[in-house]
Amino acid sequence: MGVEKIELGENEISQEDKAACLLREELRLVAKTELREDDAIRTHALRQMRDWISKHPDIEYCRTDAPFLLRFLRTKKFCMPLAQEMLERYLTIRQIYPHWFSRFDVLDPTLSAILDSGYLIPLPERDEYGRCVLLACIGKFDPHKYTSADMARVHSMVVELLMDDPENQVRGYTYVNDDSGLSMSHVTLWSLNDLRSIIRCIQNSTPMRHKATHFFNVPNFANKVFDFVVSLMNEKLKNRVTFHSNVDDMKRVIDPKILPREYGGEIPTADLISRLKKQLLEKREELLALDKMKINVRNKKMEFEVNDMAGSFRKLEVD
């Protein structure tokens, strides 16, 4: 199998791992307090993960570098069975839903155009908790030109760019969603089946610490839609969702200084878009190489498919 072979002694660590695992003192303390992480636990966990991958009967190829494996270990607080399960599910969803989780090419005309619109931007400054902040502006996504798969693939590409960052792994993520401009055309892009599947993928198979989600400017007609979306989340994520009536209410919890200039910050959205595309271009080969990973899904597909909620949002009654 295409897996890195480890030849180190029990208490040794490779130079690559040493470089990847260096954390400044403040971050080391957070990792220890929140994730139970220290040098010995991390070294042992990486060794266990690699050994498990090398012996897994269905994994044909998988990254085994420290930044990649630490995504799962840190998300699951170094609980080995849970980290292994999440990695297996991560590889599986890439096989089952390639239209959502593959071909992350910033030079793809569709993905490039959606990025240029300013629909999704990771902000350069962190929030008060040190978390990476992702700003999504649904009104900038053209539902008549692009599909739900295009939307999902843009999100997946951007978060793949971010997930190897150790500070993101330790601190987690905050999501800020501007829903001004949301229309029924946006809502009906997604079938109920697909929406339920993508949420299950995000919360069960994506190695990210989802710490807070904020929505603001949600139009009245969409209240029932959002109630339904939140109902699909597990209890932990439900408790981390906050709805704000407008941007000023949202700014009570998100410092406007870290937002784009159009929201009261300092950096114009256009500059943030250019920064994002430059980063994606620098990582282009790495992002495309993710498609080389492979797991034999066999009967796993049924676990991810949802057959009991056919239909679309057109069937929902909205105010």
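In short, a report on the structure. These figures come from a predicted structure and were not determined experimentally. (Residues numbered from 1 in each chain as written. Predicted model: local features only at pLDDT ≥ 70, side-chain atom pairs only at ≥ 80, totals over all residues. Heavy atoms only, no water.)

## Re the overall build of the protein chain
Helix and strand counts for the protein chain come out as 17 helices and seven strands. In the protein chain, which comprises 319 residues, the proportion classed as buried is 53%. Taking the intrachain contacts of the protein chain between residues at least 6 apart in sequence as the baseline, contacts between residues at least 24 apart amount to 80%. Accessible surface computed for the protein chain: about 15,300 Å², of which carbon and sulfur atoms make up 50%. (Helix = DSSP H or I, 4+ residues; strand = E, 2+ residues; numbered from the N terminus. Buried < 20%, exposed > 50% of the residue type's maximum accessible area, 1.4 Å probe, protein only. Contact = heavy atoms within 4.5 Å. Areas by Shrake-Rupley, 256 points an atom, 1.4 Å probe, with all protein chains shown as cover.)

## Focus: the sheet that holds strand β2 (residues 120-122)
Strands sit in the order β2-β3-β4-β5-β6 across an open sheet of five strands; the sheet is mixed. At either end of the open sheet lies a strand with only one pairing partner, and these are β2 and β6 (241-244). Neighbour-to-neighbour, the strand axes of this sheet turn through a mean angle of 15 degrees, independent of strand direction. With six bridges joining them, strand β3 (residues 132-137) and strand β4 (residues 173-178) adopt parallel strand pairing. Across the sheet, L134 pairs through a bridge with Y175, a residue of β4. (Pairing = 2+ DSSP bridges. Axes fitted to C-alpha atoms, helices over the stretch in contact; angles between N-to-C directions.)

## Quick word on unusual backbone geometry
Glycine aside, a negative phi is what most residues show, and trans is what most peptide bonds show. The backbone of R36 sits at a positive phi, close to 65 degrees, despite the residue not being glycine. The topology assignment puts R36 in the loop between α2 (25-35) and α3 (39-55). Assessed through its relative accessible area of 48%, R36 is described here as partly exposed.

## A closer look at the packing of aromatic side chains
Applying the stated rule across the entire model yields 13 aromatic pairs. Plain terms: the ring middles of Y173 and Y175 are 6.4 Å apart, the flat faces sit at 10 degrees to each other, and that makes the pair stacked. Judged by its relative accessible area of 14%, Y175 falls in the buried class. Ring geometry for F215 versus F243: centroids 5.1 Å apart, planes at 20 degrees, classification stacked. You can see F215 sitting in strand β5 (residues 210-216) and its partner F243 sitting in strand β6, a full 28 residues away along the chain. Judged by relative accessible area, which is 11%, F215 ranks as buried. An aromatic cluster is built from Y97, W100, F101 and W190, whose rings are joined through pairwise contacts. (Phe/Tyr/Trp six-rings, centres within 6.5 Å; stacked < 30°, edge-to-face > 60°.)

## Here we look at the pattern of salt bridges
Applying the stated criterion across every chain yields a total of 25 salt bridges. A salt bridge links E286 to K283; its shortest N-O distance comes to 3.6 Å. One connected set of salt bridges, linked through shared partners, spans R24, E26, R126, D165, E167 and R171. (Salt bridge = Lys/Arg side-chain N within 4 Å of Asp/Glu carboxyl O.)

## Some details on the environment of L120
Along the polypeptide, L120 turns up in strand β2. Taking the C-alpha atoms as reference points, L120 and M151, 31 residues apart in sequence, are found 9.5 Å from one another. For L120, the residues in contact, after removing those within four places along its chain, are L115, L134, L135, A136, V154, H155, V158 and L276.

## Focus on the packing of helix α7 (residues 109-116) against helix α15 (residues 269-282)
Two elements in contact, α7 and α15, have axes whose closest approach is 9 Å; the angle formed by their N-to-C orientations is 150 degrees. Relative to α15, the element α7 lies roughly antiparallel. Note on element contacts: α15 touches α7 through I273, L276, K277 and L280, opposite S112, L115 and D116. Classifying every residue of the contact of α7 with α15 gives four nonpolar, one polar and two charged. (Parallel < 35°, antiparallel > 145°, perpendicular 65-115°, else oblique. Nonpolar A, V, L, I, M, F, W, Y, C, P; charged D, E, K, R; others polar.)

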